[in-house]
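Chains, contacts and geometry: an overview
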Amino acid sequence: MSDMMDDMEGGEGVVKKFMFVNRKAPHGTIYALEGLEVVLVSAAFDQDVSMVFADDGVYELIKGMNTKGIEVKDFSKTYRALDGYDIEKLYVEKASMDARGLTEADLIVDVTVLDSAEMANLMAEQDVVISY
Amino acid sequence: MKIGIMVSEGPYNHQASDTAYLFARTAIEKGHKVPRVFFYHDGVNNSTKLTQPPQDDRNVVNRWSKLAEEHGVDLVVCIAAGMRRGITDDILAPGFRISGLGQLVEAGIQCDRLVTFGD
Amino acid sequence: MLHIVNKSATERNSLESCLRMATKGSAVLLIEDAVYAATKGGVAAAQIQAAMADLQIYALGPDLDARGMSARVLDGVKVVDYGGFVDLVTETNACQSWL
């Protein structure tokens, strides 16, 4: 590994704009849960992190999930803990919410709602986009 | 330029690992560096030496190992995702190692680009 | 920004979402099953043709070939090989995959 690290030297102190794009519903696949795990880890690197919820990804933030019946971990409350990790930039695309009959009041955390053009501009200014 | 790669799907079921490999190989041929490939989600299944594809098919796992051997590509398997799926040190193919998610974030910081291949 | 789409537009909404959230002048590369959208006669063709006013649309040649669709590519779609894919990644400021 030391060779690789030598290869990647010079990254110390760099702050990049990291965006994590969530476009998948929870539970049906593992992407939402494992995606959240990366976001939590990224907090330790002092980067400029934002999370986007678009398309079915907005379903990740629905209030009142109860996963007991499907015997799967309920990780939705973890979204509430994000601000404790200084991850406070949560964005939801309005068109995605509208298409699913949802409003901000249905969501478990405070988010910033952006229209598609605003979301496009935000995405365009990122250095690293990790999507699931 | 340094290009980091994330692979989010296992071999054979999805084309993701094939596309990622062909992209990585081509990038290296063109003179770029691929310092690290990070395997996440079911992508961790690309790392097992127990894979035995039919002889007339490509060997996805061996191709990655060869790329690591010939070009020093660091093949990192996410420990959390790997443990969920039964990927342990004793079944790793050559060139792969198990480490934490921080290695993905680090690749994002230290590489000039990070390209994701998945489903 | 380079947007990479890999899913068939008749199976998933990835392409539609990508086109909705791509800024003017961005590049969109269709790979794997997404290349079907870049071909004549399909329901996605109109979307791609409309998008070409504001976006650069590329399709990965080896994926078109593998699917027997190379002769059907829409006018204006630029076909690239893996080398062209690498160039697109390095020539844009960042890339995003619409999985």
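Bear in mind that the values here come from a model prediction, so they are computed numbers and not experimental data. (Residues numbered from 1 in each chain as written. Chains lettered and ligands numbered in written order. Predicted model: local features only at pLDDT ≥ 70, side-chain atom pairs only at ≥ 80, totals over all residues. Heavy atoms only, no water.)

1. Some remarks on the packing of helix α2 (residues 31–42) of chain A against helix α4 (residues 102–110) of chain B
Contact pair α2(A) / α4(B): the axes reach a minimum separation of 9 Å and the direction vectors enclose 65°. Regarding the angle of α2(A) to α4(B), the classification is roughly perpendicular. Here α2(A) runs over α4(B); the crossing is right-handed. Facing A:Val38, A:Val41 and A:Ser42 of α2(A), the residues of α4(B) in contact are B:Gly102, B:Leu104 and B:Val105. Here the contact of α2(A) with α4(B) is composed, by residue class, of four nonpolar, two polar and no charged. (Axes fitted to C-alpha atoms, helices over the stretch in contact; angles between N-to-C directions. Helix = DSSP H or I, 4+ residues; strand = E, 2+ residues; numbered from the N terminus. Parallel < 35°, antiparallel > 145°, perpendicular 65-115°, else oblique. Left-handed = near helix turned anticlockwise from the far one by under 90°. Contact = heavy atoms within 4.5 Å. Nonpolar A, V, L, I, M, F, W, Y, C, P; charged D, E, K, R; others polar.)

2. Considering the pairing of strand β3 (residues 56–60) of chain C
Residues and elements named next belong to chain C. Most of β3 is tucked away: four of the five residues are buried. In this structure, strand β2 (residues 27–30) lies alongside β3, joined through four bridges in parallel fashion. Residue pairing across strands places Leu 29 opposite Tyr 58, the latter belonging to β3. Following the chain from β2 across helix α2 (residues 45–51) to the adjacent parallel β3, one finds a crossover that is right-handed. Pairing between β3 and strand β4 (residues 78–80): three bridges, direction parallel. Bridge pairing in β4 places Leu 60 opposite Val 80. The handedness of the β3 to β4 crossover, carried by helix α3 (residues 61–66), is right-handed. (Buried < 20%, exposed > 50% of the residue type's maximum accessible area, 1.4 Å probe, protein only. Pairing = 2+ DSSP bridges. Right-handed = clockwise from strand over helix to strand, strands pointing away.)

3. Here we look at empty space enclosed by the protein
All told, the structure shown has one cavity of 30 Å³ or more when counted by the stated rule. Its volume calculated, the largest cavity comes out at about 50 Å³. Taken together, B:Ala16, B:Thr116, B:Phe117, B:Gly118, C:Ile4, C:Val5, C:Asn6, C:Ile31, C:Glu32, C:Ser97, C:Trp98 and C:Leu99 make up the full set of residues lining the largest cavity. Looking at the lining of the largest cavity, its residues break down into seven nonpolar, four polar and one charged. (1 Å grid on protein atoms, 1.4 Å probe; cavity = no way out; pocket = protein on both sides within 12 Å on 5 of 7 lines; lining within 4 Å. Points joined across faces, edges and corners; volume = space filled by probe spheres on them.)

4. Section: the interface of chain A and chain B
Counting residues at the interface gives 27 residues for chain A, matched by 30 residues for chain B. For the pair chain A and chain B, the summed buried area comes to about 2,500 Å², and 60% of that belongs to carbon and sulfur atoms. Here chain A is connected to chain B by three salt bridges. With a shortest N-O distance of 2.9 Å, A:Glu34 and B:Arg85 are connected by a salt bridge. On inspection of chain A and its partner chain B, the count reaches 10 residue pairs in polar contact (both at pLDDT 80 or more). (Buried area = accessible area lost by both parts, 1.4 Å probe. Salt bridge = Lys/Arg side-chain N within 4 Å of Asp/Glu carboxyl O. Polar contact = N/O pair within 3.5 Å; in protein donor to acceptor, adjacent residues only side chain to side chain.)

5. Let's talk about a negative patch on the surface
A cluster of acidic side chains, namely A:Asp46, A:Asp83, A:Asp86, A:Glu88, A:Glu104 and A:Asp110, defines a negative patch on the protein surface. Residue placement: A:Asp83 occurs in the loop between α3 (78–81) and β3 (89–93). (Patch = residues over 30% accessible without salt bridge, like charges linked within 9 Å, V, L, I, M, F, W, Y side chains within 5 Å. Areas by Shrake-Rupley, 256 points an atom, 1.4 Å probe, with all protein chains shown as cover. Lys, Arg positive; Asp, Glu negative; His and termini not counted. Charge placed at Lys NZ, Arg CZ, Asp CG, Glu CD.)

6. Here's the deal with helix α1 (residues 16–29) of chain B
In this model α1(B) runs 20 Å from its N-terminal to its C-terminal C-alpha over 14 residues, within 8% of the 20 Å that 1.5 Å per residue would give. With 12 of its 14 residues buried, α1(B) lies for the most part within the structure. Three or more residues of α1(B) are buried, namely B:Ala16, B:Ser17, B:Asp18, B:Thr19, B:Ala20, B:Tyr21, B:Leu22, B:Phe23, B:Ala24, B:Thr26, B:Ala27 and B:Ile28. Next to the buried residues of α1(B) lie β1 (3–7), α2 (60–71) and β5 (113–117) of chain B together with α4 (82–91) of chain C. A positive backbone phi angle near 95° is found at B:Gly31, which sits one or two residues after α1(B). (Expected span 1.5 Å × (residues − 1).)

7. Digging into the packing of aromatic side chains
All names here are of chain A. In this structure the tally under the stated criterion is 10 aromatic pairs over all chains. Ring geometry for Phe 75 against Tyr 79: centres 6.3 Å apart, planes inclined by 55°, an arrangement best described as tilted. The class for Phe 75 is buried, based on a relative accessible area of 5%. Looking at Tyr 79, the relative accessible area reads 1%, which means it is buried. (Phe/Tyr/Trp six-rings, centres within 6.5 Å; stacked < 30°, edge-to-face > 60°.)

8. A look at the interface of chain C and chain B
If you look at the interface, chain C gives 21 residues, while chain B gives 19 residues. Taking both partners together, chain C and chain B bury about 1,600 Å²; carbon and sulfur atoms supply 60% of that area. Its largest share of buried area at the contact with chain B, chain C owes to C:Tyr82, C:Val86 and C:Thr90, together 32% of the area lost on that side. Run the count over chain C and chain B and you get three salt bridges. If you look at where chain C meets chain B, you find 11 residue pairs in polar contact (both at pLDDT 80 or more). Residue assignment for the side of chain C that touches chain B shows that the elements contributing at least two residues are α4 and β5 (95–98) of chain C. The element best represented in the side of chain C that touches chain B is α4(C), accounting for seven residues.

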